[in-house]
Amino acid sequence: MMRVLVAYASDRGGTAEIAEWVGTTLRRMGVEAEVRRAGEVTALDGYDAVVVGGALYAGRWHGEARRFVRRHAGALERVPVWLFSSGPLDRSAGEREIEPVRGVAKLARRVGARGHATFGGRLTADAEGFLASRIARQSAGDYRDRDRVAEWAAGIARELQHVAV
Ligand SMILES: Cc1cc2nc3c(=O)[nH]c(=O)nc-3n(C[C@H](O)[C@H](O)[C@H](O)COP(=O)(O)O)c2cc1C
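You'll find the chain entered in an unreviewed UniProt entry as Flavodoxin domain-containing protein, with Actinomadura chokoriensis given as the organism.

Let us look at the overall build of the chain. Within the chain one finds seven helices and eight strands. Against the globule reference of 15 Å for 165 residues, the chain gives a C-alpha radius of gyration of 15 Å, in line with a compact fold. Along the first, second and third principal axes, the C-alpha set of the chain runs to 50 × 30 × 25 Å. Per-residue burial over the chain gives 48% buried out of 165 residues. By sequence separation, contacts in the chain at least 24 residues apart represent 77% of the contacts at least 6 residues apart.

Further remarks concern the pattern of salt bridges. Under the definition given, this model contains eight salt bridges. With a shortest N-O distance of 2.8 Å, Glu34 and Arg3 are connected by a salt bridge. You can see Glu34 sitting in strand β2 (residues 32-37) and its partner Arg3 sitting in strand β1 (residues 3-9), a full 31 residues away along the chain. Residues Glu64 and Arg37 are paired through a salt bridge, measuring 2.9 Å at the closest nitrogen-oxygen approach. One end of the pair, Glu64, is in helix α2 (residues 63-71); the other, Arg37, is in strand β2, with 27 residues separating them in the sequence. Glu64 gets classed as buried once you look at its relative accessible area, which sits at 11%.

Close to the ligand lie 21 residues; Ser10, Thr15, Leu56, Tyr57 and Gly59 are nearest. Burial of the ligand by the protein amounts to 86% of the accessible area it has alone, namely 640 Å². Where the shell around the ligand is concerned, the elements lending two or more residues are α1 (14-28), β3 (49-57), β7 (122-123) and α6 (130-139).

Our focus in this paragraph is the environment of Glu95. By secondary structure assignment, the location of Glu95 is in helix α4 (residues 92-95). For Glu95, a relative accessible area of 64% translates into the label exposed. Along the chain, Glu95 and Glu34 lie 61 residues apart, while their C-alpha atoms are 30 Å from each other.

Counting buried residues along β1, six of its seven residues qualify, which places the element largely inside the surrounding structure. As paired strands, β1 and β2 are joined by six bridges and run parallel to one another. From the neighbouring strand, Val4 faces β2, where its bridge partner is Ala33. Between β1 and its parallel partner β2, the chain crosses via α1, and the hand of that crossover is right-handed. Pairing geometry for β1 and β3, over six bridges, is parallel. Residue pairing across strands places Ala7 opposite Val52, the latter belonging to β3.

Conventions and cut-offs
- Residues numbered from 1 in each chain as written.
- Predicted model: local features only at pLDDT ≥ 70, side-chain atom pairs only at ≥ 80, totals over all residues.
- Heavy atoms only, no water.
- Helix = DSSP H or I, 4+ residues; strand = E, 2+ residues; numbered from the N terminus.
- Rg over C-alpha atoms; globule rule 2.2 N^0.38 Å.
- Buried < 20%, exposed > 50% of the residue type's maximum accessible area, 1.4 Å probe, protein only.
- Contact = heavy atoms within 4.5 Å.
- Salt bridge = Lys/Arg side-chain N within 4 Å of Asp/Glu carboxyl O.
- Near = heavy atom within 4 Å.
- Areas by Shrake-Rupley, 256 points an atom, 1.4 Å probe, with all protein chains shown as cover.
- Pairing = 2+ DSSP bridges.
- Right-handed = clockwise from strand over helix to strand, strands pointing away.

If you want it as structure tokens, here you go:
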């Protein structure tokens, strides 16, 4: 059985939950998936593929996701890798493909990622923090689309079946 790591970087839990949804779909499709916080992962031994997800803050991927990819770049180059970002607090991610931000695109190239998806984000109305509470006044809501996440993860599981053959 293929063993996949789903590593995430999240401040307010929205991206962590997307990572769990990815893990659930992978398992449903017969892939062994482990969902872990990116910062807690020390080595990639034993994983046949890796999915890395990070929240977007101020136009950048979450620092923990960036550090994860940089720290493990050597190992990531040797296995299939997919990246996702979670951010837009509107319907845009469901309406069109949103390209990765520049830093993510660069990391994707560095490790030869097979794909990237941008999913909508979530911000609760009671978000704490100077900027977050201001943004929440305008854009609070949950724009994550669980079906779209599941569809994307199912595509990964299908590709992995080809890799395994
Ligand atoms: C201070 C702040 C800055 C943000 N900047 C961006 C951004 O640049 N691009 C974007 O798409 N979303 C941005 N967002 C939305 C977050 O990415 C979204 O709320 C996401 O779901 C947060 O993920 P988390 O719950 O895993 O931390 C921002 C949110 C906050 C609070």
